[in-house]
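Each chain, written out:
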Amino acid sequence: MLPALCALAFLLVPLIGLLWRTPWRDLPDRLLNAEVGQALRLSLACASLATVLCLVFGVPLAWLLARGDVPGRGVLRALVTVPLVLPPVVGGVALLLVLGRRGLFGRYLYEWFGVSLPFTTAGVVVAEAFVAMPFLVISVEGALRAADPRFEEAAATLGASRWLTFRRVTLPSVLPGVVAGGVLCWARALGEFGATITFAGNFPGQTTTMPLTVYLALESDPADAIVLSLVLLTVSVAVLVALRERWIRGAV
């Protein structure tokens, strides 16, 4: 019992300390502070765009892993989950080497189309999507594996196309998994730090998201760092509330 209580205290006391030190009286003014508000808006916009990107590409990838007849699916699944265990800074370096102006593909994006992703807002979205997409893929793949394929087979025998079957039969049946994965993906993107600062840098108004602002504010204005940390904590708690047992059941 004592070790369990110690573990519980180890996890909760820092959070309680954050709430204790929060400048509640100045909270509205600090949230309306230009720098804090700018970082908050940028973070929300980038996390939302990254989630949309993950949904567009992650759901088909999850379907491929769950239902696709491709060789080496186990290896492919392992590769998809690599960003979960990869240090975010390493992920940022990898993105820089591939999508940078002198990167494997980035050089062609810049030379042919004049597109440069590093150190831009678009770079923030790409970095966040890279680290967050596995959460969506794993969640949707689990939901697809749990769904009864007989309904899809019945739709196919009635003449429905693959796209119609996916849109009218498969997607509604796995919607809880998609929602759960999307929420987790958005929360992970919102709190991303390492890959963002490595690939997108730290430029106020363009790439300085909330985690970066927290890091910088610790040196100049700790109160702002506490306020933004509280916002991120609130988002985390909201995610736990959103992912109630009924959503989690639909994702596993």
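Please read all numbers here as calculations on a predicted model, not as lab measurements. (Residues numbered from 1 in each chain as written. Predicted model: local features only at pLDDT ≥ 70, side-chain atom pairs only at ≥ 80, totals over all residues. Heavy atoms only, no water.)

S.K.: What is the right way to look at helix 8 (residues 121-146) in this model?
M.R.: The α-helix advances 3.6 residues per turn, and as a result positions three or four apart in sequence lie on the same side. Taking 1.5 Å per residue as the helical rise, helix 8 with its 26 residues ought to reach 38 Å, and the 37 Å between its terminal C-alpha atoms agrees with that figure. The sharpest bend along helix 8 measures roughly 40 degrees and falls at Ala132, with the proline Pro134 sitting one to four residues further on. For helix 8, a buried count of 19 out of 26 residues is recorded, marking the element as mostly surrounded by other parts of the structure. (Helix = DSSP H or I, 4+ residues; strand = E, 2+ residues; numbered from the N terminus. Expected span 1.5 Å × (residues − 1). Bend = angle between axes of the 7 residues up to and from the residue. Buried < 20%, exposed > 50% of the residue type's maximum accessible area, 1.4 Å probe, protein only.)

S.K.: Honestly, the packing of aromatic side chains in this entry has me stumped. Any pointers?
M.R.: The geometry of an aromatic ring pair is captured by the separation of the ring centres together with the interplanar angle, meaning the angle of the planes. Counting across every chain of the model gives 3 aromatic pairs. Aromatic pair Phe119 and Phe203: ring centres 6.3 Å apart, planes at 85 degrees, arrangement edge-to-face. Placement of the pair is Phe119 in the loop between helix 7 (106-113) and helix 8 and Phe203 in the loop between helix 12 (194-199) and helix 13 (210-220), with a sequence separation of 84 residues. Residue class for Phe203 comes out partly exposed when judged on its relative accessible area of 37%. (Phe/Tyr/Trp six-rings, centres within 6.5 Å; stacked < 30°, edge-to-face > 60°.)

S.K.: Is there a simple way to think about the UniProt feature "transmembrane region" (unreviewed entry) in the protein in this case?
M.R.: On the UniProt side, "transmembrane region" (unreviewed entry) is annotated at positions that read residues 40-66, 78-99, 119-140, 169-189 and 225-243 here. Secondary structure content for residues 78-99 is 86% helix and 0% strand, while the C-alpha to C-alpha distance between its ends is 23 Å. Strand forms 0% of residues 169-189 and helix 95%; the C-alpha atoms that close the span are 29 Å apart. (UniProt positions renumbered as here; feature names shortened; annotations may be inferred.)

S.K.: Looking at this structure, I do not really get the nonpolar core. What am I missing?
M.R.: The nonpolar side chains of soluble globular proteins are, as a tendency, buried together. Counting residues in hydrophobic clusters, the biggest one holds 38 residues, and the most contacted among them are Cys54, Val137, Val140, Leu144, Val174, Leu190 and Met210. The element contributing the most residues to this core is helix 3 (residues 34-67), with 11 residues. Once residues within four sequence positions are removed from consideration, Val140 is found in contact with Ala62, Gly177 and Val178. The next biggest cluster of nonpolar side chains, apart from the first, holds 8 residues, and it includes Leu95, Leu117, Val131 and Ala195. (Core = buried A, V, L, I, M, F, W, Y, C linked by side-chain atoms within 4.5 Å. Contact = heavy atoms within 4.5 Å.)

S.K.: Got a minute to help me understand the side chain of Glu141 in this structure?
M.R.: With respect to the helices, strands and loops of the structure, Glu141 is situated in helix 8. Classification of Glu141 as buried rests on a relative accessible area of 6%. Beyond its immediate sequence surroundings of up to four residues, Glu141 is in contact with Ala62, Leu65, Ala66 and Arg77.

S.K.: Teacher, can you tell me more about the side chain of Ser43 here?
M.R.: Take Ser43: it is sitting in helix 3. Take Ser43: its relative accessible area is 1%, and that puts it in the buried class. Ignoring any residue separated from it by four or fewer positions in sequence, one finds Ser43 in contact with Leu190, Thr209, Met210 and Pro211.

S.K.: Help me understand the environment of Ala195, please; the structure alone is not making it clear to me.
M.R.: Tracing the backbone through its elements, the reader meets Ala195 in helix 12. Taking C-alpha positions, Ala195 is 11 Å from Phe119, a pair spaced 76 residues apart along the chain. Apart from the residues within four sequence positions on either side, Ala195 is in contact with Pro88, Val89, Gly92, Ala127, Val131 and Ala200.

S.K.: Which parts of the structure should I look at to understand the pattern of salt bridges?
M.R.: Counted by the stated rule, this structure contains 3 salt bridges. In this structure, Arg145 engages Glu141 in a salt bridge whose closest nitrogen and oxygen atoms are separated by 3.1 Å. With a gap of 4 residues between them, Arg145 and Glu141 both fall in helix 8, about one helical turn apart. Each of Arg77, Glu141 and Arg145 takes part in salt bridges that share partners, so that together they form one network. (Salt bridge = Lys/Arg side-chain N within 4 Å of Asp/Glu carboxyl O.)

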